[in-house]
Amino acid sequence: MASSGSADLVIVANRLPVDRVTLPDGSQEWRPSPGGLVSALEPIMRANDGTWIGWPGGTDQGHEPFDADGLSLVPMSMTPQEVEYFYEGFANATLWPLYHDLVAKPSFHREWWDAYVSVNRRFAERAAEVASEGATVWVHDYQMQLVPQMLRELRPDLRIGFYLHIPFPPAELFQQLPWRRQILEGLLGADLVGFQLPGGAQNFVRLVRQRVGHKTHRDLVYLPDGRTVRAAAFPISIDTAGYEELARSEQVEKRSAEIREALGNPRRIFLGVDRLDYTKGIYARLRAFSELIIDGHFDVEDAVFVQVATPSREQVEQYRILRDDIDRLVGHINGDLGRIGRPAISYLHASYPREEMAALYRAADIMVVTPFRDGMNLVAKEYVACRYDNDGALVLSEFAGAAEELRQAWLINPYDINGMKAALLEAYEAEEKERSRRMKAMRKTIIQHDVNAWADSFLGELAAVRPSHGKTVRPAKRS
Ligand code: ADQ
């Protein structure tokens with residue numbers, strides 16, 4: 001058994017919650033990358049002297065552990081070949097498409113798998129070094145699925161949780177993976193395996209029974225060594241109160257009026273906000289919108305579509321193809337339908353601070369979220385959180401995890417362009433009373449179920465799965 005460190009709570013994730021940025025003068029500094037996960041985990045990290053292990057991006061070697069804003073961070077380096085094989089390859093060109101219903105074709109390469117194994121091993125070894133005796137280690141997402149088992153072998157004293165942020169596919173699809181058994185066994189190193197939806201947990205338990213041959217009962221897996229592993233759903237959420245507070249601020253209200261003004265004060269503003277990813281259904285939604293103009297339901301004086309699409313994973317070929325396809329489509333639509341000073345689609349690649357996101361949500365009459373498959377989709381929840389006025393319409397794909405909670409959205413099938421057009425038009429024409437009825441109900445859901453509730457319930461369950469074992473994680477001190 002490896003000797004133990006001093007952290008009572010360890011987060012293991014592919015990425016650190018900070019980015020290494022190069023300033024104009026050539027010097028470098030760490031900058032917090034403000035994501036939902038960071039704000040969710042920060043209070044618990046602080047209350048438990050937590051440590052976060054992850055990759056800061058890039059290929060610089062030899063970063064030392066450091067404290068940022070009171071959080072203790074352990075940067076893991078990657079070689080250029082690991083970035084290519086592990087990150088761009090196995091994580092984002094094998095697992096990502098396979099876990100998202102084969103929206104794109106996954107590639108299977110043995111050398112990518114070898115890199116996945118060795119990077120996972122390095123993360124597990126580092127976690128084993130920093131965790132204190134009986135500590136809780138929470139491993140995150142599809143890049144790290146082998147870490148639980150590798151870590152358990154090194155440190156059987158630990159309480160280990162795993163959470164998957166993306167969908168866990170049905171057995172029929174997962175079966176394609178040449179390393180399916182290793183992945184399942186990797187996950188079974190955890191005491192609690194968390195998914196976004198109950199369907200993911202059921203897929204996992206069924207696969208464990210079929211492929212690994214362990215005994216299972218409902219959400220429990222019984223291992224030959226006497227250990228029990230629980231698989232359950234913990235739908236992730238957002239800092240609802242934080243978004244609402246931001247949305248209510250004078251600065252955001254002012255900025256949102258400026259945005260409407262800059263767009264020419266059209267009757268209705270449609271908004272899409274996504275990473276530029278083929279799972280998000282951006283192409284189909286822009287086509288649906290443009291056809292509504294062509295069909296004469298409204299014109300560019302009445303409505304504009306603001307699409308914010310932050311480029312991501314640009315070294316992966318399918319992402320480059322997608323970016324070109326959407327660039328071309330937007331060019332066509334604006335060339336055919338736009339007028340001077342009035343494009344049909346206002347298309348932006350920028351990445352914005354939270355204030356600007358909140359202002360966009362406030363400015364948008366109709367939020368359009370149309371993924372072909374999405375673990376949850378936080379954008380849909382952020383929009384609802386910002387609509388404290390109980391106004392605004394959400395058009396949401398049935399295939400986003402968020403659709404299981406936000407039932408009052410205008411739900412659509414993103415493969416059905418006519419159905420999507422009908423829903424966009426209904427949302428465009430909906431009376432205030434109807435919009436408010438739906439928004440009120442959705443707001444109730446996300447106010448009750450925010451990201452703190454998510455983290456507390458995962459960690460609470462994790463403690464319950466191994467009650468007689470390990471230290472207790474102290475709840476976050478919240479203001
Ligand atoms: P993502 O696929 O990245 O997350 P999503 O849940 O929508 O998708 O989260 C995106 C986050 O990035 C949101 O918080 C959003 O505000 C932010 N964002 C997007 N575009 C931005 C921009 N241009 N500028 C600034 N911020 C931007 C994965 C899974 C999801 C799951 C989450 C969390 O794919 O299904 O909901 O993890 O578990």
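Residues numbered from 1 in each chain as written. Predicted model: local features only at pLDDT ≥ 70, side-chain atom pairs only at ≥ 80, totals over all residues. Heavy atoms only, no water.

## Observations regarding the overall build of the chain
At step 1: Scanning the chain from terminus to terminus reveals 16 helices and 18 strands.
At step 2: Taking the principal axes of its C-alpha atoms as reference, the chain extends roughly 70 × 45 × 45 Å.
At step 3: In the chain, buried positions account for 57% of the 479 residues.
At step 4: For the chain, contacts bridging at least 24 residues in sequence account for 74% of all contacts bridging at least 6.
At step 5: Surface exposure of the chain reaches about 19800 Å², of which carbon and sulfur atoms provide 48%.
At step 6: Charge centroids of the chain, computed over 56 positive and 66 negative side chains, lie 5 Å from each other. (Helix = DSSP H or I, 4+ residues; strand = E, 2+ residues; numbered from the N terminus. Buried < 20%, exposed > 50% of the residue type's maximum accessible area, 1.4 Å probe, protein only. Contact = heavy atoms within 4.5 Å. Areas by Shrake-Rupley, 256 points an atom, 1.4 Å probe, with all protein chains shown as cover. Lys, Arg positive; Asp, Glu negative; His and termini not counted. Charge placed at Lys NZ, Arg CZ, Asp CG, Glu CD.)

## Quick look at the environment of Gly50
At step 1: Structurally, the position occupied by Gly50 is in the loop between helix H1 (36-47) and strand S4 (51-55).
At step 2: By relative accessible area, Gly50 is classed as buried at 6%.
At step 3: On a C-alpha basis, the gap between Gly50 and Arg155 in space is 18 Å, while along the polypeptide they are 105 residues apart.
At step 4: Excluding its chain neighbours within four sequence positions, the residues that come into contact with Gly50 are Leu9, Met45 and Ser72.

## Quick word on the pairing of strand S17 (residues 393-397)
At step 1: Burial runs high along S17: five of the five residues are buried.
At step 2: Because side chains alternate across S17, one face comprises the buried residues Ala393, Val395 and Ser397, and the other comprises Leu394 and Leu396, equally buried.
At step 3: Relative to S17, strand S16 (residues 366-369) runs parallel, the two sharing four bridges. Bridge pairing in S17 links Val369 to Leu396. (Pairing = 2+ DSSP bridges.)

## Topic: the sheet that holds strand S14 (residues 303-311)
At step 1: Spatially, six strands are ordered S15-S14-S13-S16-S17-S18 in an open sheet, and the strand pairing comes out parallel. Each edge of the open sheet is held by one strand with a lone partner, namely strand S15 (345-348) and strand S18 (410-412). Direction aside, the axes of adjacent strands within the sheet are offset by 20 degrees on average.
At step 2: Sheet strands touched by helix H14 (residues 417-429): strand S13 (268-276), S14, S16, S17 and S18. Its angle to S18, the strand with the most contacts, is close to 170 degrees. (Axes fitted to C-alpha atoms, helices over the stretch in contact; angles between N-to-C directions.)

## Topic: helix H11 (residues 317-337)
Residues separated by three or four positions in an α-helix point in the same direction, a consequence of the helix having 3.6 residues per turn.
At step 1: The end-to-end C-alpha separation of H11 is 30 Å, in line with the 30 Å expected for 21 residues at 1.5 Å each.
At step 2: All of the buried residues in H11 are Tyr319, Leu322, Ile326, Leu329, Val330, Ile333 and Leu337. End-on, the buried residues of H11 take up no more than an arc of 100 degrees, which puts them together on one face. What points out from H11, more than 90 degrees from its buried face, is the exposed set Glu317, Arg328, His332, Gly335 and Asp336.
At step 3: Taken together, the buried residues of H11 touch helix H2 (80-99), S13, helix H10 (282-294) and S15. (Expected span 1.5 Å × (residues − 1). Arc of directions from axis to C-beta.)

The values are spatial; any link to function lies outside them.
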